[in-house]
Amino acid sequence: MAYTVPKLKDFSPAALDKAAAKLLAALEQEAAGVTNESGWKTFRDGWMARKSGVLTQVNDLWLKAAPKDAKRDVGQQVNELKKRVEQTIEAALLRAQGAATSDLECERLDITLPGIQRPIGAEHPVIKTMNEIIAVFRNLGYSVEEGPEIETDYYNFESLNFPPNHPARDMQDTLFIAGQESKPLRERLLLRTHTSPVQIRTMEKMKPPIRIVIPGRVYRNDPPDASHSPVFHQIEGLAVDTNIKFGDLKGTLDHAMKALFGSNVRTSFRPSFFPFTEPSAELLVSCFICGGSGQRGSDPCRPCKQTGWIEILGCGMVDPNVFQFVEHNGYDPKRVSGFAFGMGADRVALLKYGVDDLQLFFQGDVRFLRQFA
Ligand SMILES: [Zn+2]
């Protein structure tokens with residue numbers, strides 16, 4: 001609202017000055033609130049409208065009402081005020097227009113400019129390899145299961161047929177969570193050393209038959225070097241049903257290796273030992289780099305160490321002792337049988353991409369990783 005001009009009783013120069021100062025203060029305050037042209041028009045009309053604007057009121061209430069002997073002074077004061085009001089209103093218009101122009105400037109859009117390219121991330125070679133392995137087993141009807149990376153001794157060892165003090169526990173340099181000594185051994189927490197605890201966890205919640213693959217991160221107290229890392233990735237599988245035989249294991253893995261490394265690869269099984277499988281085996285595939293000859297031209301083939309075979313995974317028939325831990329959920333060792341297998345996803349990625357240092361996968365150097373994108 002524009003200013004309401006008061007009537008004057010005292011027309012002395014001092015009283016006039018005081019009244020004029022009040023009016024100018026109101027003018028400045030209102031001018032400061034003007035931000036656009038329509039606001040400015042209201043402002044202008046409030047002060048300059050011929051009929052009832054502030055200046056007309058000043059003319060009527062101050063100049064016309066002044067006694068004869070004060071008319072001269074009041075006339076000068078009113079002229080002064082008129083000039084100030086006009087200047088202020090003019091300045092407010094420029095400000096309002098300026099604000100509008102700079103708003104427009106900000107909104108200006110050149111649609112002919114090329115767009116901003118935002119780089120899209122790509123799958124890490126290890127994750128990519130894991131997904132390829134998962135895809136092979138998905139096509140065979142396997143589903144994916146995952147589990148916690150911090151495990152209890154029970155799931156990581158005991159239920160997988162590693163009794164306390166079993167020598168096989170020494171094969172895995174386990175990272176234990178500190179401050180667990182007061183707990184019973186089976187409840188102590190550790191970083192899982194393999195993805196196998198998920199086998200037990202899944203059998204506890206799903207009745208047979210099951211076919212699952214388990215991808216995940218695992219931890220061992222290995223100092224990092226070209227083929228070791230304290231954090232690495234495993235992917236394993238488990239199939240349980242009635243009447244599963246070693247032949248099913250061989251056929252499944254032979255198919256999977258051909259799907260992963262090419263239909264020309266051959267597979268070979270060698271006896272091995274794992275606490276949770278019996279019998280156990282290592283699976284080898286014929287070297288897909290040298291075609292099994294052990295030579296690359298006149299050079300020896302390094303990935304297969306000139307043998308023509310590459311060790312890919314461990315496997316075996318599920319030990320009946322393992323089933324005893326989940327017997328209550330339908331895994332009667334006399335009725336069901338199954339096979340399990342597990343491989344290091346990082347190692348498979350090294351072989352697939354011909355990388356010779358495992359550390360390169362974990363250093364996060366974009367120059368290295370970009371080539372797999
Ligand atoms: Zn080779």
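Predicted, not measured: the structure shown is a model, and the values here were computed from it.

(A) View of the coordination of the zinc ion. Around the zinc ion, the protein supplies C287 (SG), C290 (SG), C301 (SG) and C304 (SG) as donor atoms, at distances of 2.2 to 2.3 Å. Bound by 4 donor atoms, the zinc ion shows angles of 101 to 118° at the metal and therefore tetrahedral coordination geometry.

(B) Representation of the side chain of S229. As for its position among the elements, S229 is in the loop between β4 (210-219) and β5 (231-241). One polar contact links the side chain of S229 to the main-chain carbonyl oxygen of V231, over a distance of 2.6 Å. With near-sequence residues (within four places) excluded, S229 lies in contact with D222, P224, L358, Q359 and F362.

(C) Structural context of the environment of R367. Note on placement: R367 falls in helix α11 (residues 366-369). Of the polar contacts made by the side chain of R367, one reaches the side chain of D365; its length is 2.8 Å.

(D) Structural context of the sheet that holds strand β11 (residues 337-344). Judged by pairing direction, the sheet is mixed, and its 7 strands sit side by side in the order β1-β4-β5-β11-β10-β7-β6 without closing on themselves. Each edge of the open sheet carries a strand with a single partner, namely β1 (143-144) and β6 (267-274). Strand contacts of helix α5 (residues 125-138): β1, β4, β5 and β11, with the helix running at about 5° to β5, the strand carrying the most contacts. Relative to the sheet, helix α10 (residues 345-353) contacts β5, β10 (309-318) and β11, its axis offset from that of β11 by approximately 55°.

(E) Structural view of the packing of aromatic side chains. Applying the stated criterion to the full structure yields 16 aromatic pairs. Pairing F137 with F341 gives two aromatic rings, centres 4.8 Å apart and planes at 25°, and the pair type is stacked. Within this pair, whereas F137 is found in helix α5, its partner F341 is found in strand β11, the two being separated by 204 residues in sequence. As far as burial versus exposure is concerned, F137 and F341 are alike and both buried. Plain terms: the ring middles of F246 and F269 are 6.1 Å apart, the flat faces sit at 70° to each other, and that makes the pair edge-to-face. Of this pair, F246 sits in helix α8 (residues 246-261) while F269 sits in strand β6; the two residues are 23 residues apart in sequence, bridging distant segments of the chain. For F246, a relative accessible area of 26% corresponds to the partly exposed category. Connected via pairs of aromatic rings, a cluster forms that spans F137, Y142, F339 and F341. The ring of Y155 has R201 lying over it, and the distance from NZ or CZ to the ring centre is 4.0 Å.

(F) Seen up close, helix α2 (residues 37-48). In a regular helix each residue adds 1.5 Å, so 12 residues correspond to 16 Å; α2 covers 16 Å between its end C-alpha atoms and thus fits that length. Regarding α2, the residues found buried are W40, F43, G46 and W47. The buried residues of α2 occupy one face: seen down the axis, they fall within an arc of 125°. Facing away from the buried surface of α2 by more than 90 degrees, the exposed residues are S38 and T42.

(G) Here's a closer look at the pattern of salt bridges. Across all of its chains, the model carries 9 salt bridges by this definition. Here R217 and E149 are joined by a salt bridge, their closest N and O atoms 3.7 Å apart. Taken together, the positions of R217 in strand β4 and E149 in the loop between β1 and β2 (150-152) put the pair 68 residues apart, joining distant regions of the chain.

(H) Quick look at the pairing of β4. The buried fraction of β4 is high, at 8 of 10 residues. As defined by bridge partners, β1 adjoins β4 across 2 bridges and the pair is classed as parallel. Paired with V144 across the two strands is V213, which belongs to β4. Pairing of β4 with β5 involves 10 bridges; the strand directions are antiparallel. Along β5, the bridge assignment pairs Y219 with V231.

(I) Summary view of unusual backbone geometry. Cis geometry is adopted by the peptide bond preceding P209, which originates at P208 and carries an omega value of 5°. The residue P209 is located in the loop between α7 (197-205) and β4 in this model. With an omega of 0°, the peptide bond between E278 and P279 qualifies as cis. Relative to the elements of secondary structure, P279 occurs in strand β7 (residues 277-286).

(J) Here's a closer look at the packing of helix α1 (residues 13-32) against helix α3 (residues 54-64). At their nearest, the axes of α1 and α3 sit 13 Å apart, and the two run at 165° to each other. On the basis of the axis angle, α1 is roughly antiparallel to α3. Considering how the two elements wind past one another, α1 and α3 form a crossing that is right-handed. Note on element contacts: α3 touches α1 through V54, V58 and W62, opposite A19, A20 and L23. Partitioning the contact of α1 with α3 into residue classes produces 6 nonpolar, no polar and no charged.

About the criteria used
Residues numbered from 1 in each chain as written. Predicted model: local features only at pLDDT ≥ 70, side-chain atom pairs only at ≥ 80, totals over all residues. Heavy atoms only, no water. Donors = N, O, S within 2.8 Å, 3.2 Å for Na, K, Ca; no water. Tetrahedral: all angles 85-135°; square planar, octahedral: opposite > 155°, others 65-115°. Helix = DSSP H or I, 4+ residues; strand = E, 2+ residues; numbered from the N terminus. Polar contact = N/O pair within 3.5 Å; in protein donor to acceptor, adjacent residues only side chain to side chain. Contact = heavy atoms within 4.5 Å. Pairing = 2+ DSSP bridges. Axes fitted to C-alpha atoms, helices over the stretch in contact; angles between N-to-C directions. Phe/Tyr/Trp six-rings, centres within 6.5 Å; stacked < 30°, edge-to-face > 60°. Buried < 20%, exposed > 50% of the residue type's maximum accessible area, 1.4 Å probe, protein only. Lys NZ or Arg CZ within 6 Å of the ring centre and 35° of its normal. Expected span 1.5 Å × (residues − 1). Arc of directions from axis to C-beta. Salt bridge = Lys/Arg side-chain N within 4 Å of Asp/Glu carboxyl O. Parallel < 35°, antiparallel > 145°, perpendicular 65-115°, else oblique. Left-handed = near helix turned anticlockwise from the far one by under 90°. Nonpolar A, V, L, I, M, F, W, Y, C, P; charged D, E, K, R; others polar.

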